[in-house]
Amino acid sequence: MLLRETPIAVAPPAVPRRRTLDNPRVIVVAVCLLIGILVGLVWLSGKAGTGEVLSPLLSDVLLYVLYAVDLTILAALLFVLARNLLKLWVERRRAEPFARFRGKLVAALLAMTIVPAVLMLITGSEIITNSTDRWFSAPVDEVLQSAKSIANQYYVERREDVALRARRLSGALNPGAVANGDIAALQPLLNAELSTMARGKVDSYRAVPGPSGQPDAVYIVGVDSGALQRETNTAATDRLAAQAITSGQPVSNFDALDSGGELVRTAAPIRRDGTAVGAVVVSELISADVRAHARLTTNAYEQYNATKALKGPLQGVYLAFFLMVTLLILISATWLGLYLAKRITRPVQMLAEGARAIGAGKLDLRIEPETGDELGSLVEAFNMMAAELRTSQSKLEQSRRDLQHKNVEVEARRRYIETVLERVATGVISLGAAGDIQTLNGAAARLLGLDQRVLGKSADAIFQREDLQPLLSLIEATRRREPGGVVEEITLAREDREVHLAAAATTVTGEDGRPEGAVLVLDDVTPLIRAQRVAAWRDVARRLAHEIKNPLTPIQLSAERLRRNFSSAPPNTKALVEECTDAIVTEVEALKGLVDEFAQFARLRGPRTMSTDLNRLVNDTLRLYGGVLQHASLRVESELEKDLPAVRIDTEQIRQVIINLVDNAMEALGGPTAPSRPNGQAPVIAISTNYDRRNGIVRLVVSDNGPGVPPADRDKLFMPYYSTKGRGSGLGLAIVRRIVAEHGGGIDVGDAVPSGTVFTVELPAA
Amino acid sequence: MKGTGILPLVLAIAAVAATADIKVTPLVADGHVSASFIAPDAFTRDTRDVVKTGVPLTFNYLVELRRPSLIWWDRTVGSATVAALVKLDTLTSVYQVTKQQEGRVTWSQTTSNEEEMQSWITAFDRVAIPVNEALEPNADYYLRVRLQARPHLKFSLWPWGRDDGAGRADFTFIR
C-alpha cells in the first residue's frame, strides 16, 4: 500500500516497504526449500536409524550438519526476536501507532507456539530416548551375548581339545625318532590319535638348523581322515610347526577353508632334554554349516554392538532434528506473527497517518490500495472522504477569503470612522438600546470631562453628574423618538468656565423599526460665542473711541483757555482755576489714553508673519528687563528647548504678547522689588519653550509663583475691560488672546505648583 | 541417555571429556623430523569393552609439527595422520590389528594376546612428518599429537573439538 499524492501535496510520513520479504514468490520458494531440507534430513536420520547407513563417520557428519542447522536457526531466531523486540520497544517509546498492538500480537503468537513446541520437544526427546533404550535393552543384549558365547565356547572347546591332543601326542612321540625322522616309529602313534578324531589330521615335523640360525620345521609324516587331504593348507601347517619349535610353546590358530569349513590347529613342540627337536600338529575340521551358524551369531552380535556404539549419536541426531523442528516452528511463529501484525496494522497505520496528514491540512493526500478486500474498500472510502473534504475545503476557503475581504473592508471603514470621530472637534457619543454608553470619542470626552471608563455604563447614571445634567433632557428626547432628532444649545458649567455646546440627539432604529440606541453629537461653540462677544466689544470700542475722543480735544483746549484767562485773576481764584483745569487736562489725557487703547484693540492689524526663532525673540525681549531687574529681588528665569523649530509669527505682536505676560506676572508678584513669598521662596518668573512633535506645536510657557488666579476668574481674564489690578483698561490679555488666535494658536491659563499662575501659548510650528 | 530430556542434553553439550596423555618423542635425522609416541592410557576400560564386542576400533592420531609464536597463533609447519585399527574376531578371539598412514595400510598383524594388541595400537615409531617449508635451524618447534577414537567412547552432543588424548614435545631444530 503506497501513499500517492499530487505534486502540490506535502509528502506524508513515509512507511518503508520491504518488497523482498513481502513478495509471496520469495516466501513460497523459501518454504519449499525449507521443506526440502527437512525431508532430506528426515531421510538421512531414517537411514541412520535403520542401520542402512551406520557409518560412524556419516552419523557424525549428519550430527554436525544438524547441529549447524540448529545453531543457525537458533541464532536466526534470537536475532529476529531481539531485533523485533528492540524495534517494538523503540516504537513504543516513540509512541508510534499500533506498536502496542503489534507487540501483543507477536507475544500472543509466540505464547501460543512456544508451549506446544517445547512440549513437543520434551515429548519427542523422551520418545526417542525410550525407543533407543528399547533397541538396546537388556534381553536383546543377553540373547546375543549368550548366542555369541555358545559359538565362541564351541570354538574354544575345539581349540582346547585339539591343543590337548597335540600336547599329549608330543609327549608320547619318541624324540629320537622325531629327530631321526623315523616314520615307522611315528606313524602308529599318529594313526592311533587320528582314530579318535571324527575329521582330523595329524602331522609330525623335525627341527633342523635353518640358514638364519633359527630352526626350521621339516615335514616327516602325517595322517588324515581323508576328507581333509584336499583342503589342507600345508604351508600354514608348516609355519605353525616352525612357530612352535621356535617358541618352544604350543601354538594354535584357526584356518578358514575354501569349502566354508575351518581348521582348528595346534602345534606342540617335541622336546628332548628341554630342546625342541620337532613338533606335532593336530588339526580338526569344523564343518561349513557349524562355522556358518557360528559366524552368523557372532556377526549379529558384532553388528548389534556396532549399532549400540552409535546409540549416543543416533539419539543426538533425533534430538537435534526435533530441536531443529522446534526452532523452525518458533522462528516461523515469530516471523508469522510479525508478518501478520504488519499485514494487519500497515493499512490501518497508513489510514491513521493519512488521517493525521489530512488533519494537518494535507488534503491532496491519496493512499493507493494494494488489495481489493475490505481493507482496500476502506482505503477507497478514505480516499473519497479525502476528496470530498478537499472540495469542501476549497469552497470553505473561498468563502473564508470573501468574508475576510469583507471584514478587511469593514474594519478599514470602522478605523476610518473611528479616526474621523477621534480627530473631529465634534463630540460623538453612541448609546445602546438599553441606554448604555457604547462609544465616546476624544472630543466628547474632552468636552464632558469623561474618560473611557464610562463605556458600558448607563448614560443616565453618568449624566447625573451636576455639570452634565443638562444632557439628560437629550436622553429623554431620544427615548421619545422625536422625528428628526433633537437639537439644543446647552451650557455646561465647569469649575472655571462655561462650555457652550450645540447638542443634537438622534435615535437609531433598526430595520424592524425598533430603537437600537441613540447618537449624541456635541459641538463646542464656546469660541464662537466668545468671538461674538469680542466682536461686540470691538464695535463698542470703535464707537467709544469715535464718540469720546472727539469732544476731548475741545474740552482740553477749553480748560487750557480758562487757565490762561484766569492767569491774572486773584490768587485764590487763579489757584482754584489752575487746580480745576489741571484736573480736567489730566483726566482728559487719561481718557485719551483709554480711548487710544480701545482704538488699538479695535483696529488691531493682522499679523505679518515671517519664520522666526522663538527662543531668540524670547531672549531679546527678556533683555529689555535687564535694567529694571538689575537690583531687584525678583528673578526672571528662562529654560528654552534646544533645536526648537522656527515659527511663522509677527515678531512685534508676539513680543507684545511676551511683554504683556511678563508684566502681568511681575504685577502679580508685586513688582521688581517684591518681597519673598510667604513660603520663603524668592519671587520668580519662569519662561520656557518646548516643542510638541506629535501635534506640531511650539509652546511658550510663562509662569510665576505669585498668588495665582482664582478658577472662577480665569475665563474672564481674556475678556476686554476685565482687570484684577483695579487700574488700566483690562485689554492686555484680550489683546494677547487675539494676537495668539490670529497666529492660529491658543492661550490657556492654569495653576502653577505649589502656587502661582501658568500661561501657555501654543503656536503652530512652521 | 536413559530417561534424558533437554537438561541432560544441554549438560552433555557442556561436558568436557578427560583426555589421555600421549608421550611424544621427536626424532631429527638428516634434516627430517619424525615422531615416536606412545599413549599408554589411551586403551581404557571403555575401549577394551568396545573392542571385546567385536566393534572395530580406530585410533586416529594427528601428528603436527608446529612453530610456536608469542604474539600470534602457533603455525603448523607439517602434519601426518596415522591410524591404528583393531578388530576382534569374537568367534576365535583373535585380534586383527592394522596400521595406516595417510590412509594407506602400512602394517597388519593378528594376535590372541590382548596386551600385545594394546601395545600395537597405542604406539607408533618414527612417523615421518612431511613439512611444507624448510625448517629453520636452531629454531624452536614442537610436536603435537592428538588422538581421536572411533567410535566415540564418551559420547557428547557437542561433536566439535573433542580429543581422546593429546601430547606435546618441544624441541630445538639443530642442523
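Remember, predicted model here, so these are calculated numbers, not experimental data. (Residues numbered from 1 in each chain as written. Chains lettered and ligands numbered in written order. Predicted model: local features only at pLDDT ≥ 70, side-chain atom pairs only at ≥ 80, totals over all residues. Heavy atoms only, no water.)

### What about the sheet that holds strand β2 (residues 23-29) of chain B?
All names here are of chain B. Just so we agree on the cut-off: A pair of strands is treated as paired once DSSP finds two or more bridges between them. Secondary structure counts use DSSP, requiring at least four H or I residues in a row for a helix and at least two E residues in a row for a strand, with both numbered from the N terminus. For helices, the axis comes from a line fit to the C-alpha atoms of the stretch in contact; other axes are also lines fit to C-alpha atoms, and the angle between any two N-to-C directions lies between 0 and 180 degrees. Throughout, a residue-residue contact means that at least one pair of heavy atoms, one from each residue, lies within 4.5 Å.
Strand order across the open sheet formed by three strands is β2-β3-β8, with antiparallel pairing between neighbours. Of all strands in the sheet, those bounded by a partner on one side alone are β2 and β8 (123-128). Neighbour to neighbour, the strand axes of the sheet diverge by 15° on average, direction disregarded. As judged from the four bridges shared by strand β3 (residues 32-38) and β8, these two strands associate in the antiparallel manner. If you follow Ala 35 over to β8, its bridge partner there is Val 127. On the sheet, helix α3 (residues 114-122) packs against β3 and β8 and is oriented at approximately 30° with respect to β8.

### Re a nonpolar patch on the surface
All names here are of chain A. Counted only if it meets this: Patch membership requires over 30% relative accessible area and the absence of a salt bridge. Like charges are linked within 9 Å, and nonpolar side chains (Val, Leu, Ile, Met, Phe, Trp, Tyr) within 5 Å. Only the protein chains shown count as cover for residues, and all accessible areas are computed by the Shrake-Rupley method using a 1.4 Å probe. Salt bridges are counted wherever a side-chain nitrogen of Lys or Arg sits within 4 Å of a carboxyl oxygen of Asp or Glu. Partly exposed describes any residue whose relative accessible area lies between the buried limit of under 20% and the exposed limit of over 50%, with all areas from a 1.4 Å probe on protein chains only and scaled to the type maximum.
Nonpolar side chains collect at one region of the surface, where Phe 101, Trp 335, Leu 336, Leu 340 and Ile 344 lie side by side and expose about 420 Å² of accessible area between them. For the nonpolar patch, the leading source of residues is helix α10 (residues 311-359), giving four residues. Within the secondary structure layout, Trp 335 lies in helix α10. The class of Trp 335 is partly exposed, set by a relative accessible area of 35%.

### Remarks on the packing of aromatic side chains
Residue and element names in this part refer to chain B. This is how it is decided: Any two of the Phe, Tyr and Trp rings considered here, Trp counted by its six-membered ring, make a pair once their centres fall within 6.5 Å; the pair's planes then place it as stacked at under 30 degrees, edge-to-face at over 60, or tilted in between.
All told, the structure shown has twelve aromatic pairs over all chains when counted by the stated rule. Relative to Tyr 61, the ring of Phe 37 lies with its centre 4.9 Å away and its plane at 50°, an arrangement referred to as tilted. With Phe 37 in strand β3 and Tyr 61 in strand β4 (residues 57-67), the pair connects residues that are 24 residues apart, well separated along the chain. Exposure class is identical for Phe 37 and Tyr 61. Each is buried. Geometrically, the ring pair formed by Trp 72 and Trp 73 is edge-to-face, given 4.9 Å between the ring centres and 75° between the ring planes. Taking the relative accessible area as the measure of exposure, Trp 72 reaches 63% and is therefore exposed.

### Some words on the confidence of the model for chain B
Residue and element names in this part refer to chain B. Stated precisely, the cut-off is as follows: Per-residue confidence from the predictor is reported as pLDDT, which spans 0 to 100.
On average, residues of chain B score 84 in pLDDT, and 84% of them reach the 70 mark or higher. Of all the helices and strands in chain B, helix α1 (residues 6-14) carries the lowest mean pLDDT, 36, while strand β6 (residues 94-101) carries the highest, 95. Across residues 1-17, confidence stays below pLDDT 50; counting only partners more than four residues off in sequence or on other chains, it has 25 contacts. In the model output, the complex is listed with pTM 0.48 alongside ipTM 0.74.

### Points about the pattern of salt bridges
All names here are of chain A. All chains considered together, the criterion is met by 40 salt bridges over all chains. Measuring nitrogen to oxygen at the nearest pair gives 2.9 Å for the salt bridge that ties Asp 161 to Arg 158. Taken together, the positions of Asp 161 and Arg 158, both in helix α5 (residues 138-172) and three residues apart, correspond to about one turn of that helix. A salt bridge links Asp 692 to Arg 699, with the shortest nitrogen-to-oxygen separation between them at 3.1 Å.

### As for helix α7 (residues 183-194) of chain A
Residue and element names in this part refer to chain A. Which entries qualify depends on this criterion: A helix is expected to span 1.5 Å for every residue after the first. Within this analysis, the arc is defined by the directions that extend from the helix axis to the C-beta atoms. Identification of polar contacts relies on pairs of N or O atoms within 3.5 Å, with a donor-acceptor requirement for protein atoms, meaning one able to donate a hydrogen and the other able to accept it, and with residues adjacent in sequence counted only if both atoms are side-chain atoms.
A rise of 1.5 Å per residue sets the reference length of α7, with its twelve residues, at 16 Å; its end C-alpha atoms lie 16 Å apart and thus fit the reference within 8%. The set of residues buried in α7 consists of Leu 186, Leu 190, Glu 193 and Leu 194. Down the axis of α7, the smallest arc covering the buried residues is 90°, so these residues share one side. Its side-chain oxygen 3.3 Å from the backbone nitrogen of Ala 184, Asp 182 forms the N-cap of α7.

### Brief notes about the packing of helix α17 (residues 614-623) of chain A against helix α18 (residues 651-669) of chain A
All names here are of chain A. How we decide: Each angle receives one of four descriptions, namely roughly parallel if under 35 degrees, roughly antiparallel if over 145, roughly perpendicular if within 65 to 115, and oblique otherwise. The crossing is said to be left-handed when, going from far helix to near helix, the turn is anticlockwise and less than a right angle, and right-handed when the turn is clockwise.
One can describe the packing of α17 onto α18 by two numbers: an axis separation of 10 Å at closest approach and a directional angle of 55°. Here α18 runs oblique to α17, going by the angle between their axes. Relative to α18, the crossing made by α17 is right-handed. Contacts between α17 and α18 involve Leu 614, Leu 617, Val 618, Asp 620, Thr 621 and Leu 622 on the former and, on the latter, Thr 651, Ile 654, Arg 655, Ile 658, Ile 659 and Val 662.

### With respect to the packing of α18(A) against helix α20 (residues 732-742) of chain A
Residue and element names in this part refer to chain A. Where we set the bar: When residues are grouped by polarity, Ala, Val, Leu, Ile, Met, Phe, Trp, Tyr, Cys and Pro land in nonpolar, Asp, Glu, Lys and Arg in charged, and all others, Gly among them, in polar.
Relative orientation of the contacting elements α18 and α20 amounts to 145°, with a least axis distance of 10 Å. At the point where α18 passes α20, the crossing takes the left-handed sense. Contacts between α18 and α20 involve Gln 653, Ile 654, Gln 656, Val 657, Asn 660, Leu 661 and Asn 664 on the former and, on the latter, Gly 732, Leu 733, Ile 735, Val 736, Ile 739 and Val 740. For the contact of α18 with α20, the class distribution of residues is eight nonpolar, five polar and no charged.

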